[in-house]
Amino acid sequence: MTAPRRTIVRSVVRTLLALAVSSALVVWVLRRADLGRMLDRAGEMRAGPLALAFLCSTAVLLLRAQRFHALSARAGYVTTVAAVAVQNFLVRVTPFRVGELGLPVVLHRYAGEPLPRSVVNVLLVRLVELWMLLLVGAGATAAFVGPAGGPGFALPLALLAVVTLAVLTFRAWLGALARAAQRLGAPDTPGLRGRLRRAVDRVVEVLADGDRLSLAARLRLAGGTLAIAAFQSGLFWSLLAIFGVPASLVQVLVGGTAAQFAAAVPVPSVGSVGPLEAAWVSGFTWVGIGLDDAIVTAVGCQVITLAFAALFAAGAWFWLGRRGATPAEPA
């Protein structure tokens, strides 16, 4: 079988697997619900919380853009907002979070941002987000279960410790992995191995050039991530309120953390379709939200936030198209 044909076959297999996983998880969620009651609840959507959800989604987009702008060498803020909007939509519809590469590609094409630097920045930002997610989730879970749940926190606390260490030593371990990957092939090797080796070489250069984050960039990264966590909590509360489901702050934090964690894991599904709904239902029912309420809000969360992502991405793509590609842009 020729190389192009093998690539096509692998792509088809991955697509079918993603569709199968997403479909199975969605069916598992919906089979547990009273569909008639779900439709009745969906017809009672409240406009006020919907508007608040849109504002929270907009704030999350702008805050994510300011983080990447703080880490970028050339990209301006508006272009970074557009790149994040495109990336966010692609992540929602592609398996294994392949859509994360949308931001480096857009910033490279429209702002002349070096691709390896952007890829490293994406890895760093996602790792910091995971750390914040674990921190908030562990704190909210501890508040919900109280002292009796202490022994059950051994694994989450161990995971939090590992991720904390990974954040603090980010450049060291990523550099070690990249240098190890350099041994896979020479830069002039034909085919995929040679391209990967050249890409790894450039990542090693980015990590070794002494370009450490400034204090201002570190503060913007940490502060932006904290602000994003706050607005995402507001978004989840709004999504529940849209369907008239009351929830306490602790319930929102626990259920929302479960949904975000499932959506952040690179699994063979169509974006977050399936994993998000399953984790949302599991998390919110665990903290006392009724099963039907959890299911209708899980589906509503997926549909509404995907619609927001598509709207932001469409506007960004239109703006980028009118703006045109450029080799560089003042930061």
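Residues numbered from 1 in each chain as written. Predicted model: local features only at pLDDT ≥ 70, side-chain atom pairs only at ≥ 80, totals over all residues. Heavy atoms only, no water.

Draft legend 1. Inspection of the packing of aromatic side chains at higher detail. On inspection of all chains with the given rule, the structure shows five aromatic pairs. For the pair F54 and F308, a centre-to-centre distance of 5.3 Å together with 75 degrees between the ring planes defines the contact as edge-to-face. Placement of the pair is F54 in helix α3 (residues 47–71) and F308 in helix α13 (residues 291–323), with a sequence separation of 254 residues. Looking at F308, the relative accessible area reads 11%, which means it is buried. Residues F236 and W280 carry aromatic rings whose centres are separated by 5.7 Å and whose planes lie at 80 degrees to one another, so their mutual orientation is edge-to-face. (Phe/Tyr/Trp six-rings, centres within 6.5 Å; stacked < 30°, edge-to-face > 60°. Helix = DSSP H or I, 4+ residues; strand = E, 2+ residues; numbered from the N terminus. Buried < 20%, exposed > 50% of the residue type's maximum accessible area, 1.4 Å probe, protein only.)

Draft legend 2. Examining the pattern of salt bridges more closely. Enumeration according to the criterion identifies five salt bridges in this entry. Between R126 and E129 there is a salt bridge, with its nearest N and O atoms 2.9 Å apart. Separated by three residues within a single helix, R126 and E129 lie in helix α6 (residues 115–145), roughly one turn from each other. (Salt bridge = Lys/Arg side-chain N within 4 Å of Asp/Glu carboxyl O.)

Draft legend 3. Spatial organisation of the environment of G300. Tracing the chain through its elements places G300 in helix α13. Sequence separation between G300 and F243 is 57 residues, and the spatial gap between their C-alpha atoms is 8.6 Å. With residues near it in sequence (within four places) discarded, G300 still touches F243 and T305. (Contact = heavy atoms within 4.5 Å.)

Draft legend 4. Representation of the nonpolar core within the structure. L103, L239, L240, W280 and F284 are the most contacted members of the largest nonpolar core, which totals 62 residues. A per-element tally of this core places α13 first, with 10 residues. Among residues more than four places away in sequence, those in contact with F284 are L240, Q251, V252, G255, G256, I289 and A294. (Core = buried A, V, L, I, M, F, W, Y, C linked by side-chain atoms within 4.5 Å.)

Draft legend 5. Region of interest: the packing of α3 against helix α4 (residues 77–93). Where α3 meets α4, the axes come as close as 8 Å, and the angle between the chain directions of the two elements is 115 degrees. α4 is crossed by α3, and the crossing has right-handed handedness. Here L61, L62, R64, A65, Q66, F68 and H69 of α3 come into contact with α4, specifically with Y77, T80, V81, V84, A85, Q87 and N88. Considered class by class, the residues forming the contact of α3 with α4 number eight nonpolar, five polar and one charged. (Axes fitted to C-alpha atoms, helices over the stretch in contact; angles between N-to-C directions. Left-handed = near helix turned anticlockwise from the far one by under 90°. Nonpolar A, V, L, I, M, F, W, Y, C, P; charged D, E, K, R; others polar.)

Draft legend 6. Local environment of the packing of helix α11 (residues 249–264) against helix α12 (residues 275–286). One way to put it is that α11 packs onto α12 with a least axis distance of 8 Å and a crossing angle of 155 degrees. Accordingly, the angle class assigned to the pair α11 and α12 is roughly antiparallel. Two packed elements cross with a definite hand, and for α11 against α12 that hand is right-handed. Along its contact with α11, which presents Q251, V252, V254, G255, G256, A258, A259, A262 and A263, the element α12 presents P275, L276, A279, W280, G283, F284 and W286. Its residues assigned to classes, the contact of α11 with α12 comprises 12 nonpolar, four polar and no charged. (Parallel < 35°, antiparallel > 145°, perpendicular 65-115°, else oblique.)

Draft legend 7. Spotlight on the side chain of R67. Within the fold, R67 resides in helix α3. Residue class for R67 comes out buried when judged on its relative accessible area of 0%. Looking at R67, its side chain comes within polar contact range of the side chain of E129, at 2.5 Å. Residue contacts for R67: discarding those within four places in its chain leaves V125, R126, E129, R220, L221, G224, T225 and I228. (Polar contact = N/O pair within 3.5 Å; in protein donor to acceptor, adjacent residues only side chain to side chain.)

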